[in-house]
Amino acid sequence: MQYVNNISDTIAAIATASGSGGIGVVRVSGPAVMQIATAILGHCPKPRYAAYLPFQDVDGQVLDQGIAIYYSSPNSYTGEEVLELQAHGGPALLQILLSRCLSLGARQAAPGEFTRRAYLNEKMDLAQAEAVADVINAATSEAAKSAMRSLSGEFSNRINALLQRLVELRMFVEACLDFPEEEIDFISQGNVKQKIEGVQAELQRIYNESKQGHLLREGLTVVLVGQPNVGKSSLINQLAADDIAIVTSIAGTTRDTIKSAIQINGIPLHVVDTAGLRETEDEIEQFGIARTWRALESANIALLLLDAANGITEIERSILARLPRDIPKIWVHNKIDLTKSLPFVEYLAGEAHIHLSAKTGDGVNLLRETLLKIVGWTSTSEGVFMARTRHLDAIKQVEQFLSSALGSINQSEIVAENLRMAQDALSTVTGEFTPDDLLGEIFSKFCIGK
């Protein structure tokens, strides 16, 4: 759908999820709301009052009876006139109600258009608007809590406080430019270097918290690789605490990638069980092996499984040689139940080696802990903000500009320009400076009706 950007229109959409339910909501926003309310309800209810009324068609026949709530501008979600019709949640009925609104002058809302209008009408900033979608799509309770912190403005407040410090620094440095013969003294006397370093320290704290939130939002893709019958399917069943993969003693049982969404301490894990890597004449198994290599291209972590009794053989070394060079790896020495060994973890050449039993589950908690450790997850998510890749990229860009400013600390013009660019980059997080095409991309990924 091409994104429509005409805020003078009245828009309407079904705001509840598709399918049948006890209640369904049709939401309308824009200048024609009062006329639409009068036509459907007989009159426009008083603002912010839940009225139980019949919903009428063009001939005055009752379509349904339900709750109607009218919100007057600017005291609404979008900042505009808003009407919400809460009807019985049958798909056919909701479509009839929506069609009635459209016939009265509204148009079908684009994905995320209600929230986009809330942003444009300064009911929320861009980071908060994005958090609306994150709350809806949160895969874990920790992700939902983190998204709510962003929606409530905690993330934006931290960014805005940092922006204020940058503005004050810019004002001071640019004032120094009026006295070029004394610029070094002004820079020194104003402790500009120390203040920039203070901004950098706070920026790093925000980045660390945002990175944790990014993990909660995006999760991790973990791919299990190894020879056939080494225990990949058993391990994925242990991690998922469910029998989602077929386990047999026959090598090559798994012939395709099997994806499972699980969580560890609130972090979503997309675990991919793959076909065992070996030479085979089986055409179907060959397709599965090819998919294994493709899955590794987008993985965050590779788990290399091997038989603890055999150790790392030439086959594992050949697998290692074909792995993407920069992908983090965890070596899993499985089947310690057969070697009568205890589970443990050791680090060799900077890589974790975990000895466990996928059959009994001994040592699987060590694997869970190591997975979280390797991606930098802390023991608590308190204070963590839900963050997107663009937020992290913007913060990295700010850091680069601040580092450039410090590198030219005795040149006021360069310091001032780098502080200006740092401020502009940081402002994109909350949407103070955001191009329309980026807004279209962000809101087009929302659900319709939000």
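In this text, all values refer to a predicted model and were calculated from it rather than measured experimentally.

**Student:** Give a detailed account of helix H1 (residues 33-41), specifying residues and quantitative values.
**Tutor:** Of all the residues in H1, the buried ones are Val33, Ile36, Ala37, Ile40 and Leu41. Projection of H1 onto a plane perpendicular to its axis shows the buried side chains occupying an angular sector of 105°, all on one side. On its buried face, H1 is in contact with strand S2 (21-29), strand S3 (51-56), strand S4 (62-71), strand S5 (82-89) and helix H2 (91-103). Taken from the residues just after H1, Gly42 is the one with a positive phi, measuring 95°.

**Student:** How would you sum up the packing of helix H6 (residues 154-176) against helix H8 (residues 192-218)? Please name residues and give values.
**Tutor:** Any two packed helices are characterised by how steeply their axes cross, that is the angle between the axes, and by the distance between the axes. Packing of H6 against H8 leaves a shortest axis separation of 11 Å and a crossing angle of 160°. By the criterion of interaxial angle, the relationship of H6 to H8 is roughly antiparallel. In this structure, the crossing between H6 and H8 has a hand that is left-handed. Contact residues: H6 offers Phe155, Arg158, Ile159, Leu162, Arg165, Leu166, Leu169, Phe172 and Val173, while H8 offers Val192, Lys195, Ile196, Gly198, Val199, Glu202, Leu203, Arg205, Ile206, Glu209 and Ser210.

**Student:** Tell me about the pairing of strand S12 (residues 344-348), and name the residues and values.
**Tutor:** Bridge analysis of S12 against strand S13 (residues 351-355) gives 5 bridges, and the strand direction is antiparallel. Across the sheet, the residue bridging to Phe344 is His355, located in S13. In this structure, the hairpin formed by S12 and S13 is closed by a connection of 2 residues, where Ala349 is found at a positive phi of approximately 55°.

**Student:** How would you summarise the pattern of salt bridges if you had to cite specific residues and measurements?
**Tutor:** Applying the stated criterion across every chain yields a total of 15 salt bridges. Note that Arg158 is salt-bridged to Glu202, the shortest N-O span being 3.0 Å. You can see Arg158 sitting in helix H6 and its partner Glu202 sitting in helix H8, a full 44 residues away along the chain. When the shortest N-O distance is used, the salt bridge between Arg420 and Asp424 registers 3.0 Å. Highlighted residues: Arg420 and Asp424, both in helix H15 (residues 412-430), separated by 4 residues, approximately one helical turn. Of the residues examined, Arg420 reaches a relative accessible area of 29% and is grouped as partly exposed. Note on Asp424: relative accessible area 27%, which makes it partly exposed. One salt-bridge network, held together by shared partners, links Asp9, Glu80, Arg107, Glu113 and Arg117.

**Student:** Hey, could you go over the packing of aromatic side chains for me, with residue numbers and the actual values?
**Tutor:** One pair of aromatic rings is described through two measures. These are the centre distance and the angle between the planes. All chains considered together, the criterion is met by 0 aromatic pairs. Lying across the ring of Phe172, Lys195 places its NZ or CZ 5.9 Å from the centre.

**Student:** Explain helix H9 (residues 232-240) to me, and be specific about the residues and the numbers.
**Tutor:** For H9, the buried fraction is high: 8 of the 9 residues fall into the buried class. When H9 is considered as a whole, its buried residues turn out to be Lys232, Ser233, Ser234, Leu235, Ile236, Asn237, Leu239 and Ala240. After H9 finishes, the residue Ala241 shows a positive phi value of roughly 55°.

**Student:** Break down the sheet that holds S2 for me, citing the residues and quoting the values.
**Tutor:** The strand order across the open sheet formed by 6 strands is S3-S4-S5-S2-S1-S6, and the pairing between neighbours is mixed. Two strands bound the open sheet, and with one partner strand each, they are S3 and strand S6 (107-108). Note: S4 against S5, 5 bridges, orientation antiparallel. Each bridged residue has a counterpart across the sheet, and for Ile69 the counterpart in S5 is Glu84. Packed on one face of the sheet, H1 meets S2, S3, S4 and S5 and runs near 80° to S3. Running at roughly 135° to strand S1 (residues 11-14), helix H3 (residues 113-120) makes contact with S1, S2 and S6 of the sheet.

**Student:** How would you sum up the UniProt feature "binding site: (6S)-5-formyl-5,6,7,8-tetrahydrofolate" (unreviewed entry) in the protein chain? Please name residues and give values.
**Tutor:** Under the present numbering, the feature "binding site: (6S)-5-formyl-5,6,7,8-tetrahydrofolate" (unreviewed entry) in UniProt falls on Arg27, Glu84, Lys123 and Lys450. Within the element layout of this structure, Glu84 appears in strand S5. Of the residues examined, Glu84 reaches a relative accessible area of 13% and is grouped as buried. For Glu84, the residues in contact, after removing those within four places along its chain, are Val25, Val26, Arg27, Ile67, Ala68, Ile69 and Tyr71. There is a polar contact of 3.1 Å between the side chain of Glu84 and the side chain of Arg27. Structurally, the position occupied by Lys450 is in the segment after helix H16 (436-443).

**Student:** Tell me what's going on with the nonpolar core, and back it up with residues and numbers.
**Tutor:** Core analysis: the biggest nonpolar cluster contains 34 residues, and Leu235, Leu269, Leu303, Ile330, Leu367 and Leu371 have the highest contact counts within it. Counting contributing residues per domain, this core is built from domain 2 (135-215 + 388-430) and domain 3 (219-375), each supplying no fewer than three. Within the second largest apolar cluster, 30 residues are counted, among which are Leu169, Ile196, Leu203 and Ala416.

**Student:** Account for the packing of H8 against helix H14 (residues 389-407), with residues named and values stated.
**Tutor:** At a closest axis distance of 10 Å, the pairing of H8 and H14 adopts a crossing angle of 160°. As far as their axial angle goes, H14 and H8 are roughly antiparallel. In the packing of H8 onto H14, the handedness of the crossing is left-handed. Contact residues: H8 offers Lys193, Ile196, Glu197, Val199, Gln200, Leu203, Ile206, Tyr207, Ser210, Lys211 and His214, while H14 offers Thr389, Leu392, Ile395, Lys396, Val398, Glu399, Leu402, Ser403, Ala405 and Leu406. Of the residues contributing to the contact of H8 with H14, the split by class is 11 nonpolar, 5 polar and 5 charged.

**Student:** With reference to specific residues and values, describe unusual backbone geometry.
**Tutor:** Geometrically, the link from Ser73 to Pro74 is a cis peptide bond, its omega value of 0° lying close to zero. Here Pro74 is to be found in the loop between S4 and S5. Unusually for a residue other than glycine, Glu122 sits at a positive phi of about 60°. Mapped onto the fold, Glu122 is located in the loop between H3 and helix H4 (126-137). With a relative accessible area of 72%, Glu122 lands in the exposed category. Positive phi values are uncommon outside glycine, yet Lys335 reaches one of about 70°. Here Lys335 is to be found in the loop between strand S11 (329-334) and helix H12 (336-339).

Reading the values: rules and limits
- Residues numbered from 1 in each chain as written.
- Predicted model: local features only at pLDDT ≥ 70, side-chain atom pairs only at ≥ 80, totals over all residues.
- Heavy atoms only, no water.
- Buried < 20%, exposed > 50% of the residue type's maximum accessible area, 1.4 Å probe, protein only.
- Helix = DSSP H or I, 4+ residues; strand = E, 2+ residues; numbered from the N terminus.
- Arc of directions from axis to C-beta.
- Contact = heavy atoms within 4.5 Å.
- Axes fitted to C-alpha atoms, helices over the stretch in contact; angles between N-to-C directions.
- Parallel < 35°, antiparallel > 145°, perpendicular 65-115°, else oblique.
- Left-handed = near helix turned anticlockwise from the far one by under 90°.
- Pairing = 2+ DSSP bridges.
- Salt bridge = Lys/Arg side-chain N within 4 Å of Asp/Glu carboxyl O.
- Phe/Tyr/Trp six-rings, centres within 6.5 Å; stacked < 30°, edge-to-face > 60°.
- Lys NZ or Arg CZ within 6 Å of the ring centre and 35° of its normal.
- UniProt positions renumbered as here; feature names shortened; annotations may be inferred.
- Polar contact = N/O pair within 3.5 Å; in protein donor to acceptor, adjacent residues only side chain to side chain.
- Core = buried A, V, L, I, M, F, W, Y, C linked by side-chain atoms within 4.5 Å.
- Domains from an automatic or database assignment.
- Nonpolar A, V, L, I, M, F, W, Y, C, P; charged D, E, K, R; others polar.

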